[in-house]
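# Commentary on secondary and tertiary structure
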Amino acid sequence: MSRSYGQYCGLARALDVVGDRWNLLVVRQLLIGPARYRELLDGLPGVATNLLADRLRDLEHAGVVERRPAAEGNGIVYALTPWGAGLREPVEGLVRWSAPLMVRGPGNDRFRGEWLVVALPALLGGRVTARRQATVGIAVDDQLVQVRATRSGVEVGRHDGRALDAVVRAGAALVLGLAAGVLAFDETEAALDIEGDEAAVRAVFGA
């Protein structure tokens, strides 16, 4: 565990637990869903295997992460504890806060489509209220996530096999810009590869 800031302050004590490099990115991966060690390693490009092991041990010791039997009965997965899952709100707040940092595009930074499972609820939630229910697949780099927009809000997850009203394929910067409301749908429509009901895609992005 990292050294404490030694300050009786909620922010300082929170940072004592999750402030070390990689800790919040481990949390991001586990907000997507429970994962095996190898899946976490794949989802965190750039992390060294010994460093990931250290971070998981620290987060487990702090009560943020726990081990569970894998659903298929082989080995274990890492998952957020109920207390750890409470980090969704501050993580989503940081995603929204980061919008000005994202407009310049990815450059040489790596991107995985599964990260949209955390980013899209943060960017669309509270901003998009669909006038009609729509379920749309968003594909970035051949990874498909599912966005379901209803009058009560937006749900995002891995595609669960249900029928989709449409599938839209685009680059990460374009998808995130639309979700954040930084880009206008009508101005970027030509760059979107839409298969299916365009009105459903508009409903998801609040266009």
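In this report, the structure presented in the accompanying data block is examined. Predicted model, so just to flag it, every value in this text is computed and none were measured. (Residues numbered from 1 in each chain as written. Predicted model: local features only at pLDDT ≥ 70, side-chain atom pairs only at ≥ 80, totals over all residues. Heavy atoms only, no water.)

## Overview of the packing of helix 8 (residues 116-124) against helix 9 (residues 172-180)
Across the interface, helix 8 lies against helix 9 with an axial gap of 8 Å and an inter-helix angle of 30 degrees. In terms of axis orientation, helix 8 runs roughly parallel to helix 9. For the pair formed by helix 8 and helix 9, the contact residues are Leu 116, Ala 119, Leu 120, Leu 123 and Leu 124 on the first element and Val 175, Leu 176, Ala 179 and Ala 180 on the second. The residue inventory of the contact of helix 8 with helix 9, partitioned by class, reads nine nonpolar, no polar and no charged. (Axes fitted to C-alpha atoms, helices over the stretch in contact; angles between N-to-C directions. Helix = DSSP H or I, 4+ residues; strand = E, 2+ residues; numbered from the N terminus. Parallel < 35°, antiparallel > 145°, perpendicular 65-115°, else oblique. Contact = heavy atoms within 4.5 Å. Nonpolar A, V, L, I, M, F, W, Y, C, P; charged D, E, K, R; others polar.)

## Notes on the environment of Glu 155
On the secondary structure map, Glu 155 appears in strand 5 (residues 153-158). Separated by 31 residues in sequence, Glu 155 and Leu 124 place their C-alpha atoms 9.5 Å apart. Setting aside residues no more than four positions away along its own chain, Glu 155 makes contact with Gln 146, Val 147 and Arg 148.

## Topic: the pattern of salt bridges
By the definition in use, this model includes 13 salt bridges. As a salt-bridge pair, Glu 198 and Arg 202 come within 3.0 Å of each other at their nearest N and O atoms. Here Glu 198 pairs with Arg 202, and both are found in helix 11 (residues 198-205), just four residues apart, close to one helical turn. Three or more residues joined by partner-sharing salt bridges are found here, namely Asp 186, Glu 189, Glu 198 and Arg 202. (Salt bridge = Lys/Arg side-chain N within 4 Å of Asp/Glu carboxyl O.)

## Section: a nonpolar patch on the surface
On the surface, a cluster of nonpolar side chains totalling about 460 Å² of accessible area is made up of Leu 94, Trp 97, Leu 101 and Met 102. Elements supplying a minimum of two residues to the nonpolar patch: helix 6 (88-97) and helix 7 (99-102). You can see Leu 101 is positioned in helix 7. For Leu 101, a relative accessible area of 47% corresponds to the partly exposed category. (Patch = residues over 30% accessible without salt bridge, like charges linked within 9 Å, V, L, I, M, F, W, Y side chains within 5 Å. Areas by Shrake-Rupley, 256 points an atom, 1.4 Å probe, with all protein chains shown as cover. Buried < 20%, exposed > 50% of the residue type's maximum accessible area, 1.4 Å probe, protein only.)

## Remarks on helix 9
Count 3.6 residues to each turn of an α-helix, and residues three or four apart come out pointing the same way. Most of helix 9 sits inside the fold, with seven of its nine residues counted as buried. Residues of helix 9 that are buried include every one of Ala 172, Leu 174, Val 175, Leu 176, Gly 177, Leu 178 and Ala 179, and no others. At the C-terminal side of helix 9, Gly 181 shows a positive phi close to 80 degrees.

## A few points about the pairing of strand 5
Moving residue by residue along a regular strand, the side chains alternate between the two faces of the sheet. In this structure, strand 4 (residues 143-150) lies alongside strand 5, joined through six bridges in antiparallel fashion. Bridging from a neighbouring strand, Thr 150 pairs with Gly 153 of strand 5. As consecutive antiparallel partners, strand 4 and strand 5 are separated by two residues. (Pairing = 2+ DSSP bridges.)

## Here we look at the side chain of Gln 146
With respect to the element layout, Gln 146 can be found in strand 4. Here the side chain of Gln 146 touches Asp 160 through a polar contact of 3.3 Å, landing on its backbone nitrogen. Beyond its immediate sequence surroundings of up to four residues, Gln 146 is in contact with Thr 135, Val 136, Glu 155, Val 156, Gly 157, Arg 158, His 159, Asp 160, Gly 161, Arg 162 and Leu 164. (Polar contact = N/O pair within 3.5 Å; in protein donor to acceptor, adjacent residues only side chain to side chain.)

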